[in-house]
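# Remarks on the overall topology
Here are the chains, one letter per residue:
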Amino acid sequence: MADLSPQELRVLAAVADSGGFSAAGALLGLSQSAVSHSVRGSEAKVGAVLFERGRGGASPTPAGERAVALARRILRMYEVLGAEARGAGRDTVAGVLRIAAFRSAALHLLPPALERLTARHPGIRPEVRVVRELGAGTAGEVAAGRADLAIATLNAGGGGVGGGAGGATGATGSVPAGAAAPGRLLTGVLREEAYALVHPAGHPDPRSLPLLDWDENCGSYTRDWWRAQDWIPRATVKAEDDGMVLTMVGRGLGMAILPELSLREATDAVDITGLGPSGPVRHVGYVTAPESASTLAVRALIRELRSEAG
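As the structure is a prediction and not an experimental result, all values here were calculated from the model.

## Here's the deal with the overall build of the chain
Looking only at helices and strands, the chain features 11 helices and 12 strands. Partitioning the intrachain contacts of the chain with sequence separation of at least 6 by distance along the chain shows that 72% fall at a separation of at least 24.

## Notes on empty space enclosed by the protein
Evaluation of the coordinates by the stated rule reveals two cavities of 30 Å³ or more. In terms of residue class, the lining of the largest cavity is made up of four nonpolar, three polar and five charged. Approximately 40 Å³ is the volume found for the second largest cavity. Around the second largest cavity sit Arg73, Arg76, Arg98, Val142, Gly145, Ala147, Asp148, Ala289, Glu291 and Ser292, which together line it. Taken together, the elements giving at least two residues each to the lining of the second largest cavity come down to α4 (62–87) and α10 (290–293). Each residue belonging to the lining of the second largest cavity can be placed in one class, and the counts come to three nonpolar, two polar and five charged.

## Comments concerning the pairing of strand β12 (residues 281–288)
Regular strands show a simple pattern: their side chains alternate between the two faces of the sheet. A large share of β12 lies buried, amounting to seven of its eight residues. Both strand β5 (residues 149–155) and β12 contribute to a ladder of six bridges, which runs antiparallel. When the bridges of β12 are listed, alanine 152 appears paired with glycine 285. Sheet topology note: the strand β7 (residues 186–200)/β12 ladder contains eight bridges and is antiparallel. The residue bridging glutamate 192 from the neighbouring strand is histidine 283, located in β12.

## Some remarks on the nonpolar core
Counting residues in each nonpolar core, the largest one holds 25 residues, and the members touching the most others are Leu97, Leu149, Ile151, Leu301 and Leu305. Only β3 (95–101), α5 (103–120), β5, β12 and α11 (296–309) provide two or more residues apiece to this core. Top element by residues in this core is α5. It accounts for seven residues. Other than its neighbours up to four places away in sequence, leucine 97 contacts Arg76, Leu117, Ile124, Arg125, Pro126, Glu127, Asp148, Ala297, Val298 and Leu301. Of all hydrophobic cores here, the second largest spans 13 residues; its members include Trp214, Leu246, Leu263 and Val270.

## Points about the packing of helix α1 (residues 6–18) against α4
In contact at an axis separation of 9 Å, α1 and α4 are set at 125 degrees when each is read in the N-to-C sense. One finds that α1 runs oblique with respect to α4. Helix-helix and strand crossings are classified by hand; for α1 and α4 the assignment is left-handed. Only Val68, Ala71, Arg72, Ile74, Leu75 and Tyr78 of α4 make contact with α1, whose side of the interface consists of Pro6, Leu9, Arg10, Leu12, Ala13, Ala16 and Asp17. Class assignment for the residues of the contact of α1 with α4 results in 10 nonpolar, no polar and three charged.

## So, the layout of surface pockets
Approximately 190 Å³ is the volume found for the largest pocket. Arg10, Ala13, Ala14, Asp17, Arg72, Leu75, Arg76, Tyr78, Glu79, Arg98 and Gly145 are the residues that line the largest pocket. Considering each element in turn, the lining of the largest pocket owes the most residues, five residues, to α4. Per-class residue counts for the lining of the largest pocket are four nonpolar, one polar and six charged.

## Concerning the side chain of arginine 76
Its location among the elements puts arginine 76 in helix α4. Among the polar contacts made by the side chain of arginine 76, one reaches the main-chain carbonyl oxygen of valine 96 at a distance of 2.5 Å. Not counting the four nearest positions on each side in its chain, arginine 76 is found in contact with Val96, Leu97, Arg98 and Asp148.

## A closer look at α1
Side chains that are three or four residues apart share a direction in an α-helix, a result of its 3.6 residues per turn. In a regular helix each residue adds 1.5 Å, so 13 residues correspond to 18 Å; α1 covers 18 Å between its end C-alpha atoms and thus fits that length. For α1, the set of buried residues is Glu8, Leu9, Val11, Leu12, Ala13, Ala14 and Val15. In this fold, the buried residues of α1 make contact with α2 (21–28), α3 (32–46), β1 (51–54), β2 (57–60) and α4. Following α1 by one or two positions, glycine 19 has its phi on the positive side, about 85 degrees.

## Side note on the side chain of glutamate 8
For glutamate 8, the position within the fold is in helix α1. Look past the residues within four positions of glutamate 8 in its chain and what remains in contact with it is Asp3, Ser38, Ser42 and Lys45.

## Details of the pairing of β7
By the criterion of burial, β7 is predominantly enclosed, with 11 of the 15 residues buried. As defined by bridge partners, β7 adjoins strand β10 (residues 256–259) across four bridges and the pair is classed as antiparallel. Note that in β10 the partner of tyrosine 195 across the bridge is proline 259. Alignment of β7 against strand β11 (residues 270–274), held across five bridges, turns out to be antiparallel.

Rules used in this analysis
Sequence order sets the numbering: in each chain, residues are counted from 1 along the sequence as written. For a predicted model such as this one, the threshold for reporting local features is a pLDDT of at least 70, and the threshold for listing and counting side-chain atom pairs is 80 or more; totals across whole chains, interfaces and linings nevertheless cover every residue. Neither water nor hydrogens contribute to the side-chain values; these are computed over all heavy atoms in the structure. For the purposes of this entry, the term helix denotes a DSSP run of H or I that reaches at least four residues, the term strand denotes a run of E that reaches at least two, and both are numbered from the N terminus. Whether two residues are in contact is decided by their heavy atoms, any of which lying within 4.5 Å being enough. Cavity means a closed set of points on a 1 Å grid over the protein atoms alone, one where a 1.4 Å probe fits but cannot get out, pocket means an open set with protein on both sides within 12 Å along at least 5 of 7 lines, and lining means a residue has an atom within 4 Å of a point. Grid points are joined across faces, edges and corners, and a volume is the space filled by probe spheres set on the points. Each residue gets one label: Ala, Val, Leu, Ile, Met, Phe, Trp, Tyr, Cys and Pro are nonpolar, Asp, Glu, Lys and Arg are charged, and the others, such as Gly, are polar. Each residue's exposure class comes from its accessible area (1.4 Å probe, protein chains only) as a fraction of the maximum for that residue type: buried when under 20%, exposed when over 50%, partly exposed otherwise. Strands are labelled as partners when DSSP assigns at least two bridges between them. Take the buried residues of types Ala, Val, Leu, Ile, Met, Phe, Trp, Tyr and Cys, join any two whose side-chain atoms come within 4.5 Å, and each joined set is a nonpolar core. Angles shown run from 0 to 180 degrees and are taken between the N-to-C directions of axes, each axis being a line fitted to C-alpha atoms and, for helices, limited to the stretch in contact. Any angle between 65 and 115 degrees counts as roughly perpendicular, while under 35 counts as roughly parallel, over 145 as roughly antiparallel, and the rest as oblique. Handedness of a helix crossing follows the sense of rotation of the near helix relative to the far helix, less than a right angle counterclockwise being left-handed and clockwise being right-handed. Residues adjacent in sequence count toward polar contacts only when both atoms are side-chain atoms; beyond that, a polar contact is any pair of N or O atoms within 3.5 Å, and within protein one must be able to donate a hydrogen and the other to accept it. Expected helix span is given by 1.5 Å per residue-to-residue step, counting one fewer step than there are residues.

The values are spatial; any link to function lies outside them.
Pasting the structure below:
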């Protein structure tokens, strides 16, 4: 198979990002016919159809999704090559560092680590995107080549993506903790968090209250425990995120079961009760691609995250 050139990789990524050949051409300063010719050439080299063409534009086939993800990751290595070479043998590194994180991690775990990172390496420019832990979640951003590192919920049991806890219907973006996640990504556990019962302050019988939940509060790390608790009702309210749940609990609208990072925003309006040694826990960690794991910026961020977690 003939190798794809960097320009051909850029065309594949642009078509996927823009949803069409004309729009990709506008992004790259090429004609629609040039984009179409490039895609056909790439498909011939790869030996697979990469895009479904239609009146509404172009969308990646399963083969195309994989090819585009790898194209983005390869192009990213071209981008960081200069910074890596200049940083070799020095005690500093520069350039953009792309990070994906779920909401509570972006609020509480990342900022102190980034503060130390940029103090030691002023040339690093972090770009943080908050991504919901649904579907592919934050790890999916790394797999797709849109992030260099993600803060994700990891399933330490290795059972893959979890199902809903407390009646939640969405599948989380949790990935197995250990050497490799789906798509040959690398993971590392940063912290283990216990879940706790949070309820309106002073309530005499919090377990009698309705359950409040949010779509991301699911996973195989909580599912078995949750099913064994006959006192937990199905959720009567499903909020967009854990911050909304915490606010509603403070307003007296119900009780919730939340992990430690989510509870850092708790006010005097709520009380927090532990669930005992058999209560559920979740593992929060980093996810990165093998090629990114060796870069100076990602290694420096992982060091700071471990320092913060430890």
